[in-house]
Amino acid sequence: MIYLFLIGIPALMGLASLLVKSDDWRPWILPLGFSIHLSLVIACWKTLPTPSPLGWFGLDEAGLIVLTLASAMLLVFSIYCLEYLRLRKERPNRLFTASLAFILSAVSLVCVSRHMGLLWVGMEALTLASAPLIYFNHNQRSLEATWKYLMMGSLGIGLALLGTFFLALAMPANSVKTDPLLIDSLILHARFLSLPWLKGAFIFLLVGYGTKMGLSPFHSWKPDAYGEAPGVAGGVLAGVMTSCPFLGILRIFQICSSAGLLEFSQGLLILIGLLSMATAAVFVIGQRDFKRMLAYSSVENMGILVLGVGLGPMGTFFALLHLINNGLTKGALFLSAGNIHRAFGGKTMDHAHGALRRVPISAALFLLGFIAITGSPPFASFVSEFGILRSALDSGHLGAAFGFVLFLAAIFIGMATTVLSVVYGTPKEKSDMAVQGDSPFMVLPPIILMSAVLFLGLWLPHWLTDALKRSANALNGVL
Amino acid sequence: MQELSQILLVLIALFSFYALGNSSLIGCIRIIALQGMCLGLLPLIIDRQGFGMQIILIASGMFILKGFLIPRILSYAIREVKIRREMEPLIGYNASLLIGVFLIGISFILASRLPLPENIRTSLLVPVSLSVLMMGMLMMIVRVKAVTQVIGYLMFENGIYLFGLAISYQAPWLIEMGVLLDVFVAVFVMGIVINHIARAFDSINTENLTNLGD
């Protein structure tokens, strides 16, 4: 029953936003509905809800963590949207508002699915629901970004469907009566799965959902989409939506690890993780467009996530923690980047220079976000990135550890050049933009997100560490 | 019934092949509509134990959506476009036909190597599904018109659906409907974007979409 509410409430909000006529009142639907959703999710932390009778729906710790992150972040974003959409009166916001609500509905579906087919349906719905966000500005550049996003996304999601079929083939036909794509039944019968098909399924699902996550070499849509979408939409894409395909990869990883393919899948994850970090390092250096820079930083962090999962239970623990840290920080970064973009009327170093003088709070948040995302203390990403480095050394992956440190350093230097030039200095000319200074409702949401990152860096609540630990062990087949 | 399904499968493969060599946009849309209709009929014909409500539901859903609604959306999307032919594909028509033949050959070899049960391996379904899938991907890559790229995507998707039929994995009807609905909405969204591309650039060549990059 709870599953129906989790998926249905945001979907109803989406329909309501389509029906409401007034552009002024419509955005208020979001914070109202999202807070109901978040309170339902928080209630799930007390006791995990029981799986539905046929086993199609259920919540485990990994799903709950992603769902909580998504629900909380979308609530924060929706508060930002109230002011943002008021400033962007020239654009109708009906589709934008409805999209945000449908995104939460699709995210909920992905998180509570215990069936790989159902998970796929949610993932595709998520792709489609997010296209209007990228196209919000309705100009030629955003059109191009949307088209590339749709084409790459559809191809990726198609390959994931093929991988899902391979998974159904891996299940021996005669021995099992239940549906061959139920995750729990796949794990239960893991010993009988046909290994060649399972390997094929893992590769195709990794490529398919990896495209949605933006892992290299399937990341080419990412800088375009993040660059052209409004800041808040970039935050939704980078902070909320990338975690869903990651969850999909975690599901198939869990099946592989219980079927005895642990080393095979770990090897692939380490490889693709390091490749993504390397790609990000190459493109982030000399990047003049600060929104595209954030996109490459997202490619890097997605790489860190899969790399962490490839390094065993401890690495998985810190990867899951990093999922939270990266999501929160990316949200703050994109929101403040959006504020800076608006204040200067451009998103490259040529336009934006000396942001600290024009929008001091947003610029400070942007700087802090940069410090946090590159893994500096006292922010939480330091804990997770350091933990991943330690688990690489502990598990004897010296090469991976070396690459990890090298790429982190390169990305730090590359990002620093852009960020410092945007934040410090004196603005070149007087702006003719209407935006003067920070508006409280547009800096409060990133402040909330950054405080959460700082808080998690200083103190990890025990219920969170417990959930992360249980989830990491379950994913790696350790009991 | 066995022969009829074989004929349908050959037709499905031929339609893909025909689309690869066709330069007319409307022609390609018609071909993909015919392929969609064949695809809708296929589950009714393939010999199966049960013949329940669900199969009829899926088959009619496929038939209506892929045979009529989706082609309608695509022709609606390009109604304002003046140039109705694919002008300069990245790979010419003869060359793409040759690659198509090559892909069909690969599919047959690949299908015979896959560790599939005997009765599936000998049927035409797997090689046809693989070749339709690969020709769809080819079309997505080498064509420059946005509509033909969508048609390539649809073909790719059709190939995947055929593969699902081939391994006789009967997905629960809810999921099958979900997949179908997702594809439909995807084409719907793409149709809208094509329409906007047509208005913004006065053409639907994706070659215009090259402003972004590093």
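Residues numbered from 1 in each chain as written. Chains lettered and ligands numbered in written order. Predicted model: local features only at pLDDT ≥ 70, side-chain atom pairs only at ≥ 80, totals over all residues. Heavy atoms only, no water.

> Even after reading the chapter, I still don't get the overall build of chain A, so can you show me in this structure?
Of regular secondary structure, chain A possesses 20 helices and zero strands. A globule of 479 residues ought to have a C-alpha radius of gyration of about 23 Å, and chain A, at 21 Å, matches this closely. In chain A, of all internal contacts separated by at least 6 residues, the share reaching a separation of at least 24 is 81%. In the form shown here, chain A has an accessible surface area of approximately 16200 Å², with 71% of it arising from carbon and sulfur atoms. On chain A, the mean spot of the 30 positive side-chain charges and the mean spot of the 22 negative ones are 2 Å from each other. (Helix = DSSP H or I, 4+ residues; strand = E, 2+ residues; numbered from the N terminus. Rg over C-alpha atoms; globule rule 2.2 N^0.38 Å. Contact = heavy atoms within 4.5 Å. Areas by Shrake-Rupley, 256 points an atom, 1.4 Å probe, with all protein chains shown as cover. Lys, Arg positive; Asp, Glu negative; His and termini not counted. Charge placed at Lys NZ, Arg CZ, Asp CG, Glu CD.)

> Would you mind showing me how to read the overall build of chain B here?
Within chain B one finds eight helices and zero strands. Along its sequence from the N terminus, chain B presents helices and strands in the succession α-α-α-α-α-α-α-α. When burial is assessed residue by residue, chain B has 58% of its 214 residues classed as buried. Contacts in chain B between residues at least 24 apart in sequence constitute 76% of all its contacts with a sequence separation of at least 6. Surface exposure of chain B reaches about 9300 Å², of which carbon and sulfur atoms provide 68%. (Buried < 20%, exposed > 50% of the residue type's maximum accessible area, 1.4 Å probe, protein only.)

> What should I look at first to understand the nonpolar core in this one?
Ranked by internal contacts, the top residues of the largest apolar core, which has 258 residues, are Trp147(A), Leu198(A), Phe366(A) and Leu162(B). Examining the composition of this core, we find that 17 residues originate from one element, helix α6 (residues 140-170) of chain A, more than from any other. For Phe366(A), the residues in contact, after removing those within four places along its chain, are Phe290(A), Met293(A), Leu294(A), Leu333(A), Ser336(A), Ala337(A), Ile340(A), Val419(A), Val422(A) and Val423(A). (Core = buried A, V, L, I, M, F, W, Y, C linked by side-chain atoms within 4.5 Å.)

> What should I look at first to understand the interface of chain A and chain B in this one?
Accessible area lost when the parts come together is the quantity often used to give the size of an interface. The interface is formed by 43 residues belonging to chain A together with 40 residues belonging to chain B. At the boundary of chain A with chain B, the tally comes to zero salt bridges. Inspection of the chain A/chain B interface yields two residue pairs in polar contact (both at pLDDT 80 or more). Within the residue set of the side of chain A that touches chain B, elements represented by two or more residues are α5 (116-134), α6, α8 (195-213), α9 (221-228) and α13 (290-309) of chain A. Counting residues per element, the side of chain A that touches chain B draws most heavily on α6(A), which supplies 20 residues. (Salt bridge = Lys/Arg side-chain N within 4 Å of Asp/Glu carboxyl O. Polar contact = N/O pair within 3.5 Å; in protein donor to acceptor, adjacent residues only side chain to side chain.)

> Looking at this structure, I do not really get empty space enclosed by the protein. What am I missing?
Space left empty within the atom packing is revealed by a probe, the size of a water molecule, rolled over the atoms. All names here are of chain A. Within this structure, the stated rule accounts for three cavities of 30 Å³ or more. As for the second largest cavity, its lining consists of Tyr149, Lys212, Trp221, Tyr226, Leu237, Met241, Thr242 and Pro245. Listed by contribution, the elements that provide at least two residues to the lining of the second largest cavity are α9 and α10 (231-241). Grouping the amino acids of the lining of the second largest cavity by side-chain chemistry returns six nonpolar, one polar and one charged. (1 Å grid on protein atoms, 1.4 Å probe; cavity = no way out; pocket = protein on both sides within 12 Å on 5 of 7 lines; lining within 4 Å. Points joined across faces, edges and corners; volume = space filled by probe spheres on them. Nonpolar A, V, L, I, M, F, W, Y, C, P; charged D, E, K, R; others polar.)

> Would you mind showing me how to read the packing of helix α16 (residues 360-373) of chain A against helix α18 (residues 398-423) of chain A here?
Any two packed helices are characterised by how steeply their axes cross, that is the angle between the axes, and by the distance between the axes. All names here are of chain A. At their nearest, the axes of α16 and α18 sit 10 Å apart, and the two run at 175 degrees to each other. By the angle between their axes, α16 is roughly antiparallel relative to α18. In this structure, α16 uses Ala363, Phe366, Leu367, Phe370 and Ile373 to contact α18, whose residues at the interface are Phe412, Met415, Ala416, Val419, Leu420, Val422 and Val423. The residue makeup of the contact of α16 with α18, split by class, is 12 nonpolar, no polar and no charged. (Axes fitted to C-alpha atoms, helices over the stretch in contact; angles between N-to-C directions. Parallel < 35°, antiparallel > 145°, perpendicular 65-115°, else oblique.)

> Is there a simple way to explain unusual backbone geometry in this structure?
Peptide bonds are, in most cases, trans, and in most cases residues other than glycine have a negative phi. Residues and elements named next belong to chain A. Going from Ser216 to Pro217, the amide bond is cis rather than trans, its omega being 0 degrees. Considering the arrangement of structural elements, one finds Pro217 in the loop between α8 and α9. For the bond running from Pro377 to Pro378, omega is 5 degrees, close enough to zero to count as cis. Structurally, the position occupied by Pro378 is in the loop between α16 and α17 (380-394).

> Help me out: how do you make sense of helix α12 (residues 262-284) of chain A in this one?
Because each turn of an α-helix spans 3.6 residues, side chains separated by three or four positions end up pointing in the same direction. With 23 residues, α12(A) ought to run about 33 Å at 1.5 Å a step, and its terminal C-alpha atoms sit 33 Å apart, in line with that. Among the residues trailing α12(A), Gly286(A) stands out with phi positive, at a value near 80 degrees. (Expected span 1.5 Å × (residues − 1).)

> Even after reading the chapter, I still don't get helix α4 (residues 93-113) of chain B, so can you show me in this structure?
All names here are of chain B. The terminal C-alpha atoms of α4 lie 30 Å apart, and with 21 residues this matches the ideal 30 Å at 1.5 Å per residue to within 8%. Listed as buried for α4 are Tyr93, Ser96, Gly100, Leu103, Ser107 and Ala111. Seen from one end, α4 has its buried residues packed into an arc of 65 degrees, which puts them on one side. Exposed and oriented more than 90 degrees from the buried face of α4 are Asn94, Leu98, Phe102, Ile109 and Arg113. (Arc of directions from axis to C-beta.)

> Mind showing me how you'd approach the packing of aromatic side chains here?
Working definition: an aromatic ring pair is given by the centre-to-centre distance plus the angle between the planes. All names here are of chain A. Overall, the coordinates contain 20 aromatic pairs over all chains when judged by the stated rule. Plain terms: the ring middles of Tyr80 and Tyr84 are 6.1 Å apart, the flat faces sit at 20 degrees to each other, and that makes the pair stacked. Highlighted residues: Tyr80 and Tyr84, both in helix α3 (residues 61-87), separated by four residues, approximately one helical turn. When the ring of Phe290 is compared with that of Phe366, the centres are 5.7 Å apart and the planes differ by 65 degrees; the resulting orientation is edge-to-face. Here Phe290 is found in helix α13, whereas its partner Phe366 is found in helix α16, with 76 residues between them in sequence. (Phe/Tyr/Trp six-rings, centres within 6.5 Å; stacked < 30°, edge-to-face > 60°.)

> Hey, could you run me through the layout of surface pockets in this one?
In this model, the largest pocket occupies a volume close to 1100 Å³. As for the largest pocket, its lining consists of 38 residues, of which Phe102(A), Leu128(A), Ala129(A), Val185(B) and Val189(B) are closest to the centre. Taken together, the elements giving at least two residues each to the lining of the largest pocket come down to α1 (2-19), α4 (94-112) and α5 of chain A together with α8 (173-201) of chain B. Residue contributions to the lining of the largest pocket peak at 12 residues, all from α8(B). Counted by class, the lining of the largest pocket contains 28 nonpolar, seven polar and three charged residues.

> Teacher, can you tell me more about the packing of α8(A) against α12(A) here?
All names here are of chain A. Direction vectors running N to C along α8 and α12 enclose 20 degrees, while the axes themselves pass 11 Å from each other. In terms of their interaxial angle, α8 and α12 are classed as roughly parallel. Here the hand of the crossing between α8 and α12 comes out right-handed. Taking contact as the criterion, the partners of Lys199, Phe202, Ile203 and Leu206 in α8 are, on α12, Phe264, Ser265, Leu268, Leu269 and Ile272. A class-by-class count of the residues in the contact of α8 with α12 yields seven nonpolar, one polar and one charged. (Left-handed = near helix turned anticlockwise from the far one by under 90°.)

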